[in-house]
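# Understanding the architecture of this molecule
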Amino acid sequence: MKRGFRFSLWFLVLLSVTACPLFAGTTGKIAGKVTDKNTTDGLPGANVILLAQIKDGKEVSLNPPLGAATDMEGNYVIINIAPGKYVLQTSFVGYSTIKTRDVVVSIDLTTKLDFAMAEEVVQGAEIVVVAEREIVNKSITSSQASVAAEQIQALPVQEVNEVLSLQAGVSVDRGGGIHIRGGRSSEVAYFVDGVSVTDVYNGGSAVRVENESVQELQVISGTFNAEFGNVMSGVINLVTKDGSQEYHGNINLYSGDYVSPDKDLYLGIDEIDPAATHNVQGSLSGPVPLFGKNLTFFATGRYYSTDGWLNGRRMFNLNGDTLGTFKGKEAVGGEIVPMNTQLNRSAQLKLSYRPSSNITLKLGLLGNTDESANYNGFFRWLPEARRTNHDKGYNANLQLTHALSARSFYTVNLSQFYKNYQNYLFENPLDSRYLHPDSLRETSTYDLANSGTENGFFQRSTTSQIVKLDYTNQINLVHQLKIGFEGKRHKLFEENITTIPKLDASGGEIVPFQPEIPPISSPNHGRYTFKPIEFSAYAQDKIEFESVVINAGLRFDYFDSKGLVLADPSDPNVYQPLNDRYQVLTLEQRLAAWYKKPSAKYQVSPRFGIAYPITDKGAIHFSYGHFLQIPSFELLYQNPGFKVPVGSGNYGIYGNADLKPQKTVMYELGLKQQLGENIGIDVTGFYRDVRDWVGTSPPIETVGAGGQVLAGRSYFIYRNQDYANVRGITLTLSQVRSRIFTYSFDYTFQVAEGSNSDPGEEFGRRNSNDEPAKFIVPLSWDQKHTLNGTISFFNKGWAASLLGRYHSGYPYTPSAPRASRVGQNVNFAFSRNSRNIPYFLVFDLRLSKTLRLAGMEMVLLGNVYNLFDRRNEINVYTDTGRATNSTTYTEVRTATINNNTAEEYLRQPDRFSEPREVQLGLKVSF
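Scope of this entry: the structure provided in the associated data block. (Residues numbered from 1 in each chain as written. Predicted model: local features only at pLDDT ≥ 70, side-chain atom pairs only at ≥ 80, totals over all residues. Heavy atoms only, no water.)

### Thoughts on the overall build of the protein
Heads up, the rule is: Helix and strand labels come from DSSP, where a helix needs a run of H or I of at least four residues and a strand needs a run of E of at least two; each type is numbered from the N terminus. Computation of the radius of gyration draws on C-alpha atoms, with the globule rule given as 2.2 Å multiplied by the number of residues to the power 0.38. Contacts are assigned to residue pairs with any non-hydrogen atoms lying within 4.5 Å of each other.
The helix and strand inventory of the protein stands at 10 helices and 52 strands. Taking 2.2 N^0.38 as the reference for a compact globule, 926 residues should give roughly 29 Å; the C-alpha atoms of the protein span a radius of gyration of 30 Å, in line with that estimate. Dimensions of the protein, computed from C-alpha atoms along their principal axes, come out at roughly 105 × 65 × 55 Å. Counted over contacts in the protein with a minimum sequence separation of 6, partners at least 24 positions apart contribute 72%.

And the structure:
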């Protein structure tokens, strides 16, 4: 696996040949006009210079400074500025110098700053002002949110995903998946420092970036410019911190536990351990010793561990021996064992080298290793029998930025990331500790496990190599042109093993049980390696007039899955051919004729956005675009080999390497308006029409000897046949200028409907003998109403932030009460996802006190999550729509149960969100 992470010779050759791809935005610009205060005439030749960047409240000098001189009319523009807060100086001979602090620059946006200079009365006089943050940025042509580092630090959040969930148009499903404007969670693109880190296997992020590393987080939930591709719902663009000219660092420590009186639901919640959750994180930034200030570094590392809030008891060992104490069938003694544990380790190193004033070379290294266990109530008395998750991600990025002039630059990126995921109980599938699969079968429907092991082994990896070039030219004060190209090569590996009992020479199972890995011809052993490629190109023009801003672009995408497609779908299994003419061939001969190559896919997509200022404090924006995305690669290659068993049944779902790109057409219309001096409001309506969504094909019949259709034997593949549409409106109200009190509220009304929520949903209905989807229904993550609010106070070193989150309940498909079905042949037909579970509401609180001691800044921290300890129901019984009651309760309480009581079975805390968690910490900055 380590060999897979080395750059191949092919990759280096590709870089030298193409040397050019697409580049997500990582910088912004400042533009404006310098005039004489008395005459209002433009001042040609005035100098506008960025002197320093403000980090943690301190000015850190820029070496060399960035800047520009005004033209004959006094206009200036400074491009290629990293996001953050700056100190800007404006000077002109005979005029008082103006020094402006707290100038905010955001990714892909233009910060407008005009200066009216007064003639110098006292030689050397300097006027110092504090820039007011723009409430309405008129250069934005589609919906997006930018969250700066200091905003993230003030919130009661631990992970980047928690910050994402607070943005308008973003929702989170039951499993924590991120959905933007109603799309599937796999439809989001992730970028770090301008380079894609999207894991093409499932659409998630291949690496984790810690909050401490983030300089700015950009969330594009509306239409996106042509520079962003292979994405349908939204873009998450992270820019990480650079090294500074002076040494700075911090250490962040906190620990805590879940504190709740709800011990009847959460086993062991009353046993408080102050170190059950603990976090150690540190960062250091500055110049690299012996290299002066031309080479700087930023490094951070984090260790995070939590026992979670879902526990079990160690009542049995794997062999079924009793370890705990029972009173009748009730467990009254036994070691409490955490069952949703998590251990995360991550690190980042970023080196920045400036050999000259116009060249910057950056090397970024990012990695994480995670271990976790998923709660499963069946194993509450046997927690050691569960499989666990092992997740690794690494990313290396080499970036060269060359400023050709004050108004043009190009950036070359060479990047590679590696993602590996494994799921197992014991790392060796043949480990002698594995027990016979039958040992896990419960003796009663409502029994908890009392012996056995969760067998099987799964692993998969993704290696993606990327070469990119982006060229930006501020042609004049109106036009900023971007062009770019991108080449990607991926390598995907997957292996899924279901072990079987080893047999002796006579065909009987060896006793005691010995696991055996089935041959690759068996459906119980799947393995593949594929190497798909992608190429894209784009051109984008940002046109900025005083009265209108236009973003217009065009994008080209090309993809070749390099997979396998059946030559004859009626005879799918190359290892067990049905046709007489194939049965006489050897396996090698059949493999040569069995498959054909899928066709390459390509498309040209137009993008357009416009912002029209209606007043000096408001603007209307409209955007439109065609967007496509290659389906998650796991859907292209799933269940390799089409090993359809010979017997009757419905089999699948099998991958389809010839899937077409999924497509959406997106529109939005919005208004941004400043109210008074400090308040901003943004109202945006949007519509998405999604076609060629991946779903499940109709059954594919198989044909046996003599051309006879085999009745009762069919299989299914993925196919572009589902449809969805999403419409809604977002409302954002914020007050951000005050240094004492700020607030922000985001409301989203949304209707997300489609033929199927999951690509495999249709297959499940076929196996249940239900009719295929004939109309669109609410998608399983649909939230009609979502409201997020943050209120923050700052005064004399004290700070408090209260975060509230509300959303309406997820939809579910109701079922008839159990009592109505028992002993009766009644068919209750309920529409899919026609009802909703109860609403979700939670408040989180962050308190801090800042002290200064011996030149260091010390912050005492307190975080309380789910402040009011509210039970939020996330998984309900479909007969009642509640997690607290079901008509099946009566059946459970009258059933014969051997290993536990009925009440122990009915205690299902995973149907609820997590209880109150309290953390205390200390952050020391120097």
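From this point on, the discussion continues.
### What about the packing of aromatic side chains?
What counts, and what does not: Stacked, edge-to-face and tilted labels apply to pairs of Phe, Tyr and Trp rings (six-membered ring for Trp) whose centres lie within 6.5 Å, assigned for plane angles under 30 degrees, over 60, and everything in between, in that order. Here, a charge over a ring is recorded when the distance from Lys NZ or Arg CZ to the ring centre is within 6 Å and its angle to the ring normal is within 35 degrees.
Counting across every chain of the model gives 30 aromatic pairs. Grouping aromatic residues by their ring pairs yields a cluster made of Y528, F530, F559, F633 and Y637. The residue whose ring lies beneath R184 is W693, and the NZ or CZ to ring-centre distance is 3.7 Å. Positioned over the ring face of Y877 is R911, at 3.8 Å from the centre of the ring.

### What about the pattern of salt bridges?
Basically, it comes down to this: Any carboxyl oxygen of Asp or Glu that lies within 4 Å of a side-chain nitrogen of Lys or Arg is treated as forming a salt bridge with it. Between buried and exposed lies partly exposed: a residue is buried under 20% and exposed over 50% of the maximum accessible area for its type, with that area taken using a 1.4 Å probe on protein chains only.
Evaluation of the coordinates by the stated rule reveals 43 salt bridges. The salt bridge involving R208 is made with D370; its shortest N-O contact spans 2.5 Å. Taken together, the positions of R208 in the loop between β14 (195-196) and β15 (214-220) and D370 in strand β25 (residues 359-372) put the pair 162 residues apart, joining distant regions of the chain. Classification of R208 as buried rests on a relative accessible area of 15%. Within the structure, one salt-bridge network assembled from shared partners comprises E159, R208, E210, R302 and D370.

### Topic: the environment of M117
Considering the arrangement of structural elements, one finds M117 in strand β8 (residues 115-117). According to the relative accessible area criterion, M117 is buried, its value standing at 0%. Considered as a pair, M117 and Q151 are 34 residues apart in the sequence and their alpha carbons are 32 Å apart. If sequence neighbours within four positions are ignored, M117 has contacts with V34, T35, D36, K37, L43, T90, S91, F92, Y95, S96 and I98.

### Concerning the sheet that holds strand β6 (residues 97-105)
Quick note on the threshold: Pairing between two strands requires that DSSP report at least two bridges joining them. As a rule, the C-alpha atoms of each element are fitted with a line to give its axis, helices using only the stretch in contact, and angles between N-to-C directions run from 0 to 180 degrees.
Read from one edge to the other, the open sheet built from 5 strands follows the order β3-β2-β5-β6-β9, with strand pairing classed as mixed. The open sheet has two edge strands with one neighbour each: β3 (58-69) and β9 (126-130). On average, each strand axis in the sheet is inclined to that of its neighbour by 25 degrees, with strand direction left out of account. In this sheet, β9 lies alongside β6 in parallel orientation, the contact comprising 5 bridges.

### Some points on the sheet that holds β14
Pairing is mixed across the open sheet formed by 5 strands, whose spatial order is β10-β15-β16-β13-β14. Since the sheet does not close on itself, it has two edges, and those belong to β10 (144-148) and β14, each with one partner. By the bridge criterion, 2 bridges tie strand β13 (residues 188-192) to β14 in an arrangement that is antiparallel. Bridge pairing links V192 to V195 in β14.

### Digging into the nonpolar core
Where we set the bar: Residues belong to a common nonpolar core when they are buried Ala, Val, Leu, Ile, Met, Phe, Trp, Tyr or Cys residues joined through side-chain atoms within 4.5 Å.
Counting residues in each nonpolar core, the largest one holds 28 residues, and the members touching the most others are Y266, F379, W381, L382 and Y434. Here L382 is in contact with R313, F316, N317, L318, A449, N450, S451 and G452, once residues within four sequence places are set aside.

### Points about unusual backbone geometry
Residues other than glycine predominantly adopt negative phi, and peptide bonds predominantly adopt the trans conformation. In this structure, P512 follows V511 across a cis peptide bond, with omega equal to 0 degrees. By the element assignment, P512 lies in the loop between β30 (500-501) and β31 (515-516). At the junction of G652 and I653, the peptide bond is cis and its omega measures out at 5 degrees in the coordinates. Inspection of the secondary structure puts I653 in strand β39 (residues 649-654). Unusually for a residue other than glycine, N230 sits at a positive phi of about 50 degrees. Considering the arrangement of structural elements, one finds N230 in the loop between β15 and β16 (234-240). Take N230: its relative accessible area is 19%, and that puts it in the buried class. With a phi close to 55 degrees, D869 is a non-glycine residue in the positive phi region. As for its placement among the helices and strands, D869 is situated in the loop between β51 (856-865) and α9 (888-894). Here D869 falls in the buried class, since its relative accessible area comes to 18%.

### Re a nonpolar patch on the surface
Cut-off, in case you're wondering: Like charges within 9 Å and nonpolar side chains (Val, Leu, Ile, Met, Phe, Trp, Tyr) within 5 Å are joined into patches, using only residues over 30% in relative accessible area that form no salt bridge. Only the protein chains shown count as cover for residues, and the accessible areas themselves come from Shrake-Rupley with a 1.4 Å probe.
There is a patch of nonpolar side chains on the surface, built from F608, Y612, I614, I620, F622, Y667, L669, L671 and Y687 and spanning about 770 Å² of accessible area. For the nonpolar patch, the elements supplying multiple residues, two or more each, are β37 (601-615), β38 (618-629) and β40 (662-675). You can see Y612 is positioned in strand β37. You can call Y612 partly exposed: its relative accessible area is 46%.

### Examining the side chain of T240
What counts, and what does not: Distance and chemistry together define a polar contact, namely a pair of N or O atoms within 3.5 Å, with one atom able to donate a hydrogen and the other to accept it when in protein, and with adjacent residues in sequence counting only for side-chain atoms on both sides.
With respect to the helices, strands and loops of the structure, T240 is situated in strand β16. Assessed through its relative accessible area of 2%, T240 is described here as buried. Side chain to side chain, T240 and D193 meet in a polar contact 2.7 Å long. Not counting residues up to four positions away in its chain, the partners in contact with T240 are V192, D193, V209, S213, Q215, Q348 and K350.

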